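The primary structure of each chain is shown beneath.
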Amino acid sequence: MSVITSEWLKIRSLRSTHLILSLSVGTVVLGFALAMMAANMYDTAPVARRPSARIADLEEVIAIVPQLCMGILGTLTITSEYVTGLIRTSLTIVPRRWPVLVAKSAIVGTLGLIIGLVTVFGTYFVTRWAIGDRFSGAYTDAFMDRLPLLTAISFTVPTFALLGLGLGALFRSTATSIAALAGLVYVIPMIIGNIPEPWSERLGSVMIGALPREITGDLITTSVYGSLLSPVAAATVLVAYAAFPLAVAMWLVGRRDA
């Protein structure tokens with residue numbers, strides 16, 4: 001607990017932490033603005049075209065922002081110590097080393113979970129209020145019917161946070177870690193979407209963006225992602241995105257110099 005307390009003190013003392021958390025929560029406002037704009041476009045569209053009008057699930061679209069923000073926060077949590085040299089002090093005080101990374105994981109993961117729940121559910125509720133029964137009742141489904149998908153999307157945010165932390169511990173460079181995070185999550189899916197089948201479907205099914213709908217059993221038909229995994233397999237892959245880099249980082253942190 002003392003290690004967790006000290007790590008929490010370090011994380012919350014960084015100005016970047018407050019900025020990133022504010023930007024993440026601010027996505028609810030962005031989601032509301034997009035919903036109001038969509039509602040206005042619907043109301044001003046010709047009546048004959050309204051039945052065919054469609055709107056994306058804004059809470060799923062907006063989730064990209066807190067995902068990336070928390071991934072960056074996870075990265076900065078460890079790379080900032082390598083930049084300043086504070087990591088030497090941390091590992092001297094905690095000679096077994098791995099508890100430092102465990103404490104950082106607990107804090108970053110908890111922050112990511114809170115931010116994920118707030119942003120995803122917050123965006124859903126403000127969008128539901130703004131859209132009403134427009135777009136053929138896209139937001140009139142019972143809340144309990146949407147709860148599994150909203151929860152699954154929310155859990156991708158702490159996954160990004162822990163993935164960023166793991167990459168930061170592996171590369172020990174902020175720029176390299178963030179580039180790897182962005183490439184893994186945003187660039188690679190676009191590449192996969194342009195390769196021949198069946199590999200496009202197979203590889204697209206293990207991308208983070210595909211996992212929430214696979215976990216809930218929803219069929220993906222309108223994106224670069226695939227939908228081949230079972231709910232259990234998809235949940236396992238989501239956990240692996242966070243756990244595998246951290247496991248490798250914990251193995252390395254005890255075997256290389258600070």
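Please read these numbers as outputs of a predicted model, since none were measured by experiment. (Residues numbered from 1 in each chain as written. Predicted model: local features only at pLDDT ≥ 70, side-chain atom pairs only at ≥ 80, totals over all residues. Heavy atoms only, no water.)

Here we come to helix α5 (residues 64-84). When the terminal C-alpha atoms of α5 are compared, their 30 Å separation across 21 residues agrees well with the 30 Å that a helix rising 1.5 Å per residue should span. Along α5, the sharpest change in direction is near 35 degrees and occurs at T77. Two residues or fewer past α5, G85 is found with a positive phi of approximately 85 degrees. (Helix = DSSP H or I, 4+ residues; strand = E, 2+ residues; numbered from the N terminus. Expected span 1.5 Å × (residues − 1). Bend = angle between axes of the 7 residues up to and from the residue.)

The subject of this paragraph is a nonpolar patch on the surface. A cluster of nonpolar side chains, namely V25, I114 and V118, defines an oily patch on the protein surface of about 230 Å² accessible area. Mapped onto the elements, V118 comes out in helix α7 (residues 98-131). (Patch = residues over 30% accessible without salt bridge, like charges linked within 9 Å, V, L, I, M, F, W, Y side chains within 5 Å. Areas by Shrake-Rupley, 256 points an atom, 1.4 Å probe, with all protein chains shown as cover. Salt bridge = Lys/Arg side-chain N within 4 Å of Asp/Glu carboxyl O.)

This next bit is on helix α3 (residues 27-44). For α3, spanning 18 residues, the distance from its first C-alpha to its last is 26 Å, which sits close to the expected 26 Å at 1.5 Å a residue. By the burial criterion, the buried members of α3 are T27, V28, G31, A35, A38, A39 and Y42. On an axial view of α3, the arc spanned by its buried residues comes to 120 degrees, and they lie on one face. Turned more than 90 degrees away from the buried face of α3, the exposed residues are V29, M41 and T44. (Buried < 20%, exposed > 50% of the residue type's maximum accessible area, 1.4 Å probe, protein only. Arc of directions from axis to C-beta.)

For the rest of this paragraph, the subject is the side chain of R213. Looking at the secondary structure, you find R213 in helix α12 (residues 211-215). Of the polar contacts made by the side chain of R213, one reaches the side chain of D57; its length is 2.5 Å. (Polar contact = N/O pair within 3.5 Å; in protein donor to acceptor, adjacent residues only side chain to side chain.)

For the rest of this paragraph, the subject is empty space enclosed by the protein. Counted by the stated rule, this structure contains one cavity of 30 Å³ or more. Of the voids in this model, the largest cavity is the one considered here, and its volume is about 70 Å³. Looking at the lining of the largest cavity, the elements that each hand over two or more residues are α5, α6 (86-93), α7 and α13 (231-253). The element contributing the most residues to the lining of the largest cavity is α13, with three residues. Its residues assigned to classes, the lining of the largest cavity shows 10 nonpolar, no polar and two charged. (1 Å grid on protein atoms, 1.4 Å probe; cavity = no way out; pocket = protein on both sides within 12 Å on 5 of 7 lines; lining within 4 Å. Points joined across faces, edges and corners; volume = space filled by probe spheres on them. Nonpolar A, V, L, I, M, F, W, Y, C, P; charged D, E, K, R; others polar.)

Before going further, it helps to examine the layout of surface pockets. Considered as a void within the structure, the second largest pocket measures approximately 250 Å³ in volume. Broken down by element, the lining of the second largest pocket gets its largest block of residues, five residues, from α3. Broken down by class, the residue content of the lining of the second largest pocket amounts to nine nonpolar, one polar and three charged.

Here we take up the side chain of R146. Looking at the secondary structure, you find R146 in helix α9 (residues 143-171). Reaching out from R146, the side chain makes a polar contact with the side chain of E59 at a distance of 2.5 Å. Not counting residues within four places of it along the chain, the set of residues in contact with R146 comprises D57, E59, Y124, A138, Y139 and D141. (Contact = heavy atoms within 4.5 Å.)

In total, this model carries nine salt bridges according to the counting rule given. We note a salt bridge from E81 to K10, for which the minimum N-O separation is 3.0 Å. Taken together, the residues span a long stretch of sequence, with E81 in helix α5 and K10 in helix α1 (residues 2-12) at a distance of 71 residues. In this structure E81 comes out as buried when scored by relative accessible area, which is 3%. Salt bridges sharing partners connect three or more residues here, namely D57, E59, E60, R146 and R213.

A few words on the packing of α1 against α7. As a packed pair, α1 and α7 sit with axes 9 Å apart at the nearest point and diverge in direction by 55 degrees. Judged by the angle between their axes, α1 and α7 are oblique. Considering how the two elements wind past one another, α1 and α7 form a crossing that is right-handed. Here V3, I4, E7, W8, K10 and I11 of α1 lie close against α7, whose contacting residues are P99, V100, A103, K104, I107, V108 and L111. A breakdown of the residues in the contact of α1 with α7 according to their chemical character gives 10 nonpolar, no polar and three charged. (Axes fitted to C-alpha atoms, helices over the stretch in contact; angles between N-to-C directions. Parallel < 35°, antiparallel > 145°, perpendicular 65-115°, else oblique. Left-handed = near helix turned anticlockwise from the far one by under 90°.)

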